[in-house]
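# Structure at a glance
Here is what each chain is made of, one letter per residue.
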Amino acid sequence: MSLLTRWLFTFLLLICPKPAVGQDPMRGWQWQNPLPQGNSINAIRFASDKQRGWAVGADGAILRTQDGGFEWDEQESPVNTTLYGLYVKDRSRAVISGARGIILTTANGGRKWVPRPTGVRDHLFSLSFSPDDPSYGWAVGTFGRIISTTDGGVTWKTQNARTTAHLFSVAFANTKAGIAVGSRGTLLVTNNGGAEWKQEGGLSAGLLTSVAFSSPKRAVVVGYAGTILETDDGGLSWRSIDSLISTDLFAVFFADDKLGWAAGDSGVVLTTGDGGTIWLPVNVRTSPKLVTVYFADEMLGWAAGADGLVVRTDDGGLSWRRLTEGGRDDLARIFFLDNSRGWAVGSRGKILFTSSGGKNWTVRPSGTTARLNSLQFVNGKVGWAVGDNGTVIHSVNGGVTWAPVAIDVKEDLLGLHFLSAERGWIVGSRGAILRTNDGGQTWQFQRANTFNWLEDVRFTDENQGVAVGSNGTILRTQDGGETWKRVDQNLKEWLYALAFADAERGYAVGARGIILRTDDGGASWKDLESGFTTNLFAVAVDGRNEVLVAGDQGRILQSTDAGQTWELQPTITSSPLYSVAYRGGTNIWVAGRGGAILRRTEPIATVKIPVPRLPPALRRSPPKIQPQASQTPLEFDDGDIPRAVPPDKKPVRPEKR
C-alpha cells in the first residue's frame, strides 16, 4: 500500500464508527475496571432536581444517574462514535452532539435516544441552548461548522461562521447573544442568533476550549496554557486575565453572576467568586485530566474527564471525591494463572489481583512507585514483576506481599519469562538480559551485543529462546542465553511482544500493524500482513493456530488459521490496549491505558479484514508509546481520589390521608 493509502486507512479508522453486532451496546465485552466504564467522559450535566443527570463520552458512552451520581447505569446508544456535547433540559429531555454530525435526543429519560438529521458530517464538539427559550439551540464543530435548531433539537440548519478553524465550544446568553471559540485563538460573537458571526482578532493565538456566560453581558473564555479571557459587554471588547498557571484549561462554568469554576489538565480546578476576575486554584488528587465541569448551585458540582472518571464536590470545589470505582493507572501487563486468579501491573507500582475472574479487583501493595512493566506467576504462590530503573520484586504468597530483589541494574526492565520456578530471564533497555538458575537468588548478565531496547522474551525449553525489541530487533539463543544472535529480517518496526504455542511456532507483534510468525523456533520469520497500521502491543495464543492481538485504538485482532486471515473484534473502547491474557473460548482479558480491564462475555463476533496481497511497503517505526505516569506516590489506600459516600437518606414520612 502507498503511504497515502495507509494514511487514509488510518484516518478512516479513527473517525468511522466501529462495526456493531446487532447494535449490542456491550458488544460481547464487559468493563471490569474502571467501573461503570473507562472511556473518556466529555460532558456531564444535571437536571434542576440535582439528582437526574447524564455523562457522555468516547465510543458512544451514555451514562445516567438518578441519585446525584453515586450510581450510574449505561444507556443504549444508537451510535458507536464519540459523543462530545450535552444539554439537559429536565429529568426527561436531553440532547447530545457527537462525531460525524451526530445529534441525539431523548424525551423519556434516555430509555430511547433518537438520531436527528443534521445534514453535516463534521464532529460537533459542543451544544448550547438559550436559557430563556430552550427551543433555540446551537452546535459547533470541525472546520468552523455551526448548526442551529428552533425546535429543541429535532431539526437543524447550517449557519455561516466565515472561518475554517475548529470550534470547540459555544454558549448563548439568550436567543440572540452568543459566543463560539476554537483553534488558532478563534473567537466568534453574534448578536442576532447566529445569522451573522463576527470574528474578534488578536486576543490569543492558542487554542480556546470553552466559553460560559455569567450574565447576559459578561462571559469568560478559557484555553490552553492557562488562558482566560473576559468580556463585560457581550463580546465587543475583551481583556486577558492572569490565571497564574500554565496548565491547559478545558472547561468553564458559572452557577450565577459571581461563582464560577474552570477545570483542566493535571487535576487543576480554578474557582472565582467575583465573576471571573480573580481565580484561585484547587488541585484534585492524582492529577486527572478533567474536561467538563458543571455546578447545580454554589456548593454542589461535578467534573469528569479521562478514563471514565467522574468526581463530585459538596463544598463549592474545595474538595472532590470519586463517583466511579477502580483505579486509573495505566496497566502494562495482565496475567491469569487460571480462569479465576489473575494479576495486573502498571504505573506507580500498581498491582491488582482478582480471584473471581476479574469480577472484583483489589490493590496489593508492591512497595515501589516505579512503573511495573511485566509480571508472571510460575504457580499459585511464586510470582515476579519487573519495572523501570532496574526494579525487580518477588512474591512467595500469591502476590499478597512483595519484596524487592537487589540487582545491580539501572536500566528499565520491560519483559520477563520463567520457564520453571528455578530458571528465568529478564530483558530491558540498552540490550539488558539477565538470567537466574536458582529461583532468583542470583542473577547473571548475558551478552546481547546490542544496545536496542528489548521488550519481551520467551523460552520454549532450557536452551531455545527469543527476545524482541526496538528497530526490528529479534535475538535468538540456542544455549540458554550464553550467546545471542540477531535474526536479520530487514525490519525497522519496534517489536513489543512475543508468544509461542510450541517449540516451533511463535508470533511477534509491533508498531504499524506488524505481525510476524515463525515456524522454526525463531530462526526465520514471516510478515503476516495484518492490514492495519496501528501499533500492536500484545499477543497471546491458544494452540498453534489461534492467535489474539491487541493494540492502539482498542483494536483486537484474531486469527484461527495461524495468521492467514485476520478478524476484527468489535470492542467497547478506543483506549490503547497494552496486554492480553487468553485462555481459550471466552476466557479473554485485555488491559491498557487508564486502568482499562475488559473481559470477553460472549463467543467472538468478528468482521473479516482483507489481507493485502501487495508486498509490504518499507515502514518506519515510531518510538514506543509510554503509558502515562502519575506524580503521586503510591499508597496502600490506592493513592486515588477518595470515594464519595452518599449522604444518609432521611426516613420518608408517610403521606397524610
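The residue numbering used here restarts from 1 in each chain and proceeds along that chain's sequence as written. Given that the model is predicted, a residue must reach a pLDDT of at least 70 before its local features are reported, and side-chain atom pairs must reach 80 or more before they are shown or counted; all residues, however, enter totals for whole chains, interfaces and linings. Side-chain figures throughout are based on the complete set of non-hydrogen atoms in the structure, without hydrogens or water.

### Considerations on the overall build of the protein
The way it works is that DSSP assigns letters per residue, a run of H or I at least four long becomes a helix, a run of E at least two long becomes a strand, and they are numbered from the N terminus. Within the protein one finds 1 helix and 57 strands. Remark: exposure states derive from per-residue accessible area (1.4 Å probe, protein chains only) relative to the maximum for the residue type, with buried under 20%, exposed over 50%, and partly exposed in between. Relative to its 657 residues, the protein shows a buried fraction of 59%. Of all intrachain contacts in the protein linking residues separated by at least 6 positions in sequence, the fraction that spans at least 24 positions is 46%. For every accessible area listed, the method is Shrake-Rupley and the probe measures 1.4 Å; residues are considered covered only by the protein chains on display. Total accessible area on the protein stands at roughly 26500 Å², and carbon and sulfur atoms take up 50% of it. Whether two residues are in contact is decided by their heavy atoms, any of which lying within 4.5 Å being enough.

### Observations regarding the pattern of salt bridges
What makes a salt bridge here is a side-chain nitrogen of Lys or Arg within 4 Å of a carboxyl oxygen of Asp or Glu, nothing more. The full count for this structure, using the stated rule, is 24 salt bridges. Salt-bridge contacts for Glu325 lead to Arg643; the nearest nitrogen and oxygen are separated by 2.9 Å. Taken together, the residues span a long stretch of sequence, with Glu325 in the loop between strand S29 (321-322) and strand S30 (331-336) and Arg643 in the segment after strand S57 (607-609) at a distance of 318 residues. Take Arg643: its relative accessible area is 25%, and that puts it in the partly exposed class. Between Asp640 and Arg328 there is a salt bridge, with the nearest N and O atoms lying 2.9 Å from each other. Placement of Asp640 in the segment after S57 and of Arg328 in the loop between S29 and S30 is noted, with a sequence separation of 312 residues between them.

### Overview of the sheet that holds S29
In short, DSSP must find at least two bridges between two strands for them to pair. One open sheet holds the 4 strands; their spatial order is S26-S27-S28-S29, and the pairing between them is antiparallel. Taken across any chain shown, the strands that pair with only one partner, and hence form the sheet edges, are strand S26 (290-295) and S29. Of the pairings in the sheet, the one linking strand S27 (residues 301-305) to strand S28 (residues 310-313) comprises 4 bridges and is antiparallel in character. If you follow Ala304 over to S28, its bridge partner there is Val310.

### A word on the sheet that holds strand S55 (residues 588-592)
In space, the 4 strands of this open sheet follow the order S1-S56-S55-S54, with antiparallel pairing throughout. The sheet terminates laterally at strand S1 (29-33) and strand S54 (577-582), the two strands that pair on one side only. Between one strand axis and the next, the sheet turns through 25 degrees on average, direction left out of account. Here S1 runs beside strand S56 (residues 597-600); their pairing, made up of 4 bridges, is antiparallel. Directly across from Asn33, in S56, lies its bridge partner Ile597. Angles shown run from 0 to 180 degrees and are taken between the N-to-C directions of axes, each axis being a line fitted to C-alpha atoms and, for helices, limited to the stretch in contact.

### Observations concerning the nonpolar core
Ranked by internal contacts, the top residues of the largest apolar core, which has 28 residues, are Ile44, Trp72 and Val293. Of all elements in the fold, only strand S2 (41-46), strand S22 (249-254), strand S23 (260-264), S26, S27 and S28 reach the threshold of two or more residues within this core. Apart from the residues lying within four places of it in its own chain, the contact partners of Ile44 are Trp54, Ala55, Trp72, Leu86, Thr292, Tyr294, Trp302, Ala304 and Val310. Note on terminology: a nonpolar core comprises buried Ala, Val, Leu, Ile, Met, Phe, Trp, Tyr and Cys residues joined through side-chain atoms within 4.5 Å. Ranked by size, the runner-up nonpolar core spans 16 residues in total, among them Ala497, Val509, Leu536 and Val549.

### Some details on the pairing of strand S16 (residues 187-190)
Taking every second residue as pointing to the same face, both faces of S16 are buried, with Leu187 and Val189 on one and Leu188 and Thr190 on the other. Of the pairings in the sheet, the one linking strand S15 (residues 178-182) to S16 comprises 4 bridges and is antiparallel in character. Paired with Val181 across the bridge in S16 is Leu187. Summarising the sheet, S16 and strand S17 (residues 198-199) pair through 2 bridges and their orientation is antiparallel. Opposite Leu188, over in S17, you have Gln199 as the bridge partner.

### A closer look at the packing of aromatic side chains
The criterion for an aromatic pair is that two Phe, Tyr or Trp rings (for Trp, the six-membered ring) have centres within 6.5 Å, with stacked assigned to planes under 30 degrees apart, edge-to-face to planes over 60 apart and tilted to the rest. A full pass over the atoms with the stated rule returns 30 aromatic pairs. Between the aromatic rings of Phe129 and Trp156, the centroid separation amounts to 6.4 Å while the plane-to-plane angle is 80 degrees, which identifies the pairing as edge-to-face. Placement of the pair is Phe129 in strand S10 (residues 124-129) and Trp156 in the loop between strand S12 (146-149) and strand S13 (157-159), with a sequence separation of 27 residues. In this pair, the class of Phe129 matches that of Trp156, namely buried. Among the aromatic residues, ring-to-ring pairing joins Phe46, Trp72, Phe253, Tyr294 and Trp302 into one connected group.

### Topic: the side chain of Thr227
With respect to the helices and strands, Thr227 occurs in the loop between strand S19 (219-223) and strand S20 (228-231). When its relative accessible area of 18% is taken as the criterion, Thr227 is described as buried. For Thr227, the residues in contact, after removing those within four places along its chain, are Ser204, Leu208, Val221, Val222 and Leu249.

### As for the environment of Val269
Note that Val269 resides in strand S24 (residues 268-272). The spacing of Val269 and Val252 is 17 residues in sequence and 9.6 Å in space, taken between C-alpha atoms. In this view, Val269 contacts Ala262, Ala263, Leu280, Pro281, Val282, Val284, Leu290 and Trp320; residues no more than four positions away in its chain are not counted.

### Focus on the pairing of strand S14 (residues 167-172)
Of all 6 residues making up S14, 5 are buried, and the element is well covered by its neighbours. Pairing analysis gives 5 bridges linking S14 to S15, with the strands arranged antiparallel. Residue pairing across strands places Ala171 opposite Ile179, the latter belonging to S15.

### Details of the environment of Glu71
Within the secondary structure, Glu71 sits in the loop between strand S4 (62-65) and strand S5 (73-74). Each C-alpha atom, one on Glu71 and one on Thr324, is 8.4 Å from the other, the two residues being 253 residues apart in sequence. Not counting residues up to four positions away in its chain, the partners in contact with Glu71 are Arg64, Thr65 and Gln66.

### Observations concerning unusual backbone geometry
Pro34 follows Asn33 through a cis peptide bond whose omega is -20 degrees. Its identity is not glycine, yet Asp59 carries a phi of approximately 55 degrees, on the positive side. Mapping Asp59 onto the fold places it in the loop between strand S3 (53-57) and S4. Phi at Arg162 is positive, roughly 55 degrees, even though this residue is not glycine. Tracing the backbone shows Arg162 in the loop between S13 and S14. Residue Arg162 is classed as exposed on the basis of its relative accessible area, which comes to 56%.

### Some points on the confidence of the model for the protein
Mean pLDDT over the protein works out to 90, with 89% of the residues at or above the 70 mark. Within the model, pLDDT remains below 50 along residues 609-636, and this stretch shows 74 contacts once partners closer than five positions in the same chain are excluded. Known as pLDDT, the predictor's confidence for each residue is given on a scale from 0 to 100.

### So, the environment of Leu495
With respect to the helices and strands, the residue Leu495 is situated in strand S46 (residues 495-500). Leu495 sits in the buried class, given a relative accessible area of 0%. Residues Leu495 and Gly510 lie 15 residues apart in sequence; the distance between their C-alpha atoms is 4.0 Å. Those residues in contact with Leu495 that sit more than four places away from it in its chain are Glu455, Val468, Gly469, Gly472, Thr473, Ile474, Val509, Gly510, Ile514 and Leu516.

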